[in-house]
Amino acid sequence: MKIFSPLYSKVMYWSKHKYAPFYLYVMAFTESIFWPIPVDVMLAPMALAKRHLAWRFAFFTTLFSVVGGAVGYYLGNVLYEPIVLPFIHFMHYQDNMQIAQDWFNEWGILVIFIASFTPIPFKIFTVTAGVAGMLFIPFLLTALIGRGLRFFLVAGLMVLGGEKMEAKLSRYIDRLGWGTIILAVLLYALLKY
């Protein structure tokens, strides 16, 4: 069933839109607070479509993600009960919050770096860092390094892959899409049980 091919074509078209960078940076900011869709979904096709701007996209995506993370930290630190807790229940993130708290207890500040590369939403870790009262400057620096590595890695892969990668992605996007869904379901099942 080819549902990812048409979506991929649309995303590649949208990634060339004149306001695409603005949408990318807004998405990076909000994804660290509440937005459920990972920013890589927009960064990768934009870096692929405009490889000459890929590093710029990665830089500003990192910057806006970290600023959003600072807002998430603040919400967790100051406004947890009136704002964050009802949102966690609404989004059914209770299990993810518990995982994040367990990771904080086990690994401390390194959890922010690790969280930059996990499928668990980054917002869970920014808010939990605030709830836990993690020192703000180390939180910010670790988020900057972790998110920067992630987004520059995505941009770098798109630059290095170039047109060949775009052709392969276009050819195999449905297999990759279904494979990702299956992997996500399996990972969820492993984390849940």
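Our subject in this report is the structure included herewith. The residue count restarts for each chain, going from 1 along the sequence in the order it is written. With pLDDT at 70 or above as the cut-off, local features in this predicted model cover only qualifying residues; side-chain atom pairs require 80 or more to be listed or tallied, and sums for whole chains, interfaces and linings still use all residues. Side-chain figures throughout are based on the complete set of non-hydrogen atoms in the structure, without hydrogens or water.

1. Looking at the overall build of the chain
Here is step 1 of the chain: Of the regular secondary structure elements, the chain holds nine helices and zero strands.
Here is step 2 of the chain: Viewed in the frame of its principal axes, the chain has a C-alpha envelope of about 45 × 35 × 30 Å.
Here is step 3 of the chain: Burial status across the chain gives 41% buried among its 193 residues.
Here is step 4 of the chain: When checking whether two residues touch, look at their non-hydrogen atoms; a contact exists if any pair is within 4.5 Å. For the chain, contacts bridging at least 24 residues in sequence account for 75% of all contacts bridging at least 6.
Here is step 5 of the chain: Counted as positive: Lys and Arg. Counted as negative: Asp and Glu, with His and the chain ends omitted from the count. Charge positions come from single atoms, namely NZ of Lys, CZ of Arg, CG of Asp or CD of Glu. Distance from the positive charge centre (15 side chains) to the negative charge centre (9 side chains) of the chain: 15 Å. Helix and strand assignments come from DSSP, with helices taken as H or I runs of at least 4 residues and strands as E runs of at least 2, each series counted from the N terminus. Between buried and exposed lies partly exposed: a residue is buried under 20% and exposed over 50% of the maximum accessible area for its type, with that area taken using a 1.4 Å probe on protein chains only.

2. Some points on unusual backbone geometry
Here is step 1 of the chain: Located in the positive-phi region is His92, a residue other than glycine, with phi close to 60 degrees.
Here is step 2 of the chain: Relative to the elements of secondary structure, His92 occurs in the loop between helix 5 (80-91) and helix 6 (94-107).
Here is step 3 of the chain: By relative accessible area, which is 64% here, His92 ends up exposed.

3. Here we look at the environment of Arg51
Here is step 1 of the chain: Tracing the sequence through the fold places Arg51 in the loop between helix 3 (40-49) and helix 4 (54-78).
Here is step 2 of the chain: Residues in contact with Arg51, not counting those within four places in the same chain, are Met158, Val159, Gly162, Glu163 and Glu166.
Here is step 3 of the chain: Polar contacts, as counted here, are pairs of nitrogen or oxygen atoms within 3.5 Å of one another; within protein the pair requires one atom able to donate a hydrogen and one able to accept it, and residues that are adjacent in sequence qualify only if both atoms are side-chain atoms. A distance of 2.8 Å separates the side chain of Arg51 from the backbone oxygen of Leu48, its partner in a polar contact.

4. Re the packing of helix 6 against helix 8 (residues 122-132)
Here is step 1 of the chain: Note on definitions: angles span 0 to 180 degrees between N-to-C directions of axes, and those axes are lines fitted to C-alpha atoms, for helices only across the stretch in contact. Taken N-terminus to C-terminus, the directions of helix 6 and helix 8 make an angle of 60 degrees; their axes are 9 Å apart at the nearest point. Compared by their axis directions, helix 6 and helix 8 come out oblique. The chirality of how helix 6 crosses helix 8 is right-handed. Counting all contacts with helix 6, which are made through Asn96, Met97, Ala100, Gln101, Trp103 and Phe104, the residues of helix 8 involved are Ile124, Phe125, Thr128 and Ala129. Relative orientations are named as follows: roughly parallel for angles under 35 degrees, roughly antiparallel for angles over 145 degrees, roughly perpendicular for angles from 65 to 115 degrees, and oblique for any other angle. Here is the rule for handedness: rotate from the far helix to the near one, and if that takes an anticlockwise turn smaller than a right angle the crossing is left-handed, while a clockwise turn gives right-handed.

5. Thoughts on the packing of aromatic side chains
Each aromatic ring pair is summarised here by two numbers: the centre-to-centre distance and the angle between the ring planes.
Here is step 1 of the chain: Paired rings are identified among Phe, Tyr and Trp, the last through its six-membered ring, by centres lying within 6.5 Å, and are further divided according to the angle between planes into stacked (under 30 degrees), edge-to-face (over 60) and tilted (the rest). Under the criterion given, the structure shown has 11 aromatic pairs.
Here is step 2 of the chain: An angle of 15 degrees between the planes, with centres 6.1 Å apart, marks the rings of Trp55 and Phe152 as stacked. Taken as a pair, Trp55 in helix 4 and Phe152 in helix 9 (residues 136-192) lie far apart in primary sequence, 97 residues in all.
Here is step 3 of the chain: The exposure class of Phe152 is partly exposed, given its relative accessible area of 31%.
Here is step 4 of the chain: Here, over-ring charges are defined by two tests on the NZ atom of lysine or the CZ atom of arginine: distance to the ring centre within 6 Å, and angle to the ring normal within 35 degrees. The positively charged end of Arg147 is found above the aromatic ring belonging to Phe122, 4.1 Å away from the centroid.

6. Comments concerning the environment of Ser15
Here is step 1 of the chain: Its location among the elements puts Ser15 in the loop between helix 1 (4-14) and helix 2 (20-31).
Here is step 2 of the chain: Accessibility expressed as a relative area gives 3% for Ser15, which makes it buried.
Here is step 3 of the chain: Taking C-alpha positions, Ser15 is 8.4 Å from Leu43, a pair spaced 28 residues apart along the chain.
Here is step 4 of the chain: When neighbours within four sequence positions are excluded, Ser15 is seen to be in contact with Ala20, Pro45, Met46, Ala49 and Lys50.

7. Focus: the packing of helix 3 against helix 4
Here is step 1 of the chain: In contact at an axis separation of 8 Å, helix 3 and helix 4 are set at 155 degrees when each is read in the N-to-C sense. The orientation of helix 3 relative to helix 4 falls into the category roughly antiparallel. Only Ala54, Phe57, Ala58 and Thr61 of helix 4 make contact with helix 3, whose side of the interface consists of Leu43, Met46 and Ala47.
Here is step 2 of the chain: In terms of residue class, the contact of helix 3 with helix 4 is built from six nonpolar, one polar and no charged. Throughout this entry, Asp, Glu, Lys and Arg are counted as charged residues, while Ala, Val, Leu, Ile, Met, Phe, Trp, Tyr, Cys and Pro are counted as nonpolar. The remaining residues, Gly among them, count as polar.

On their own, these measurements won't tell you what the molecule is for.
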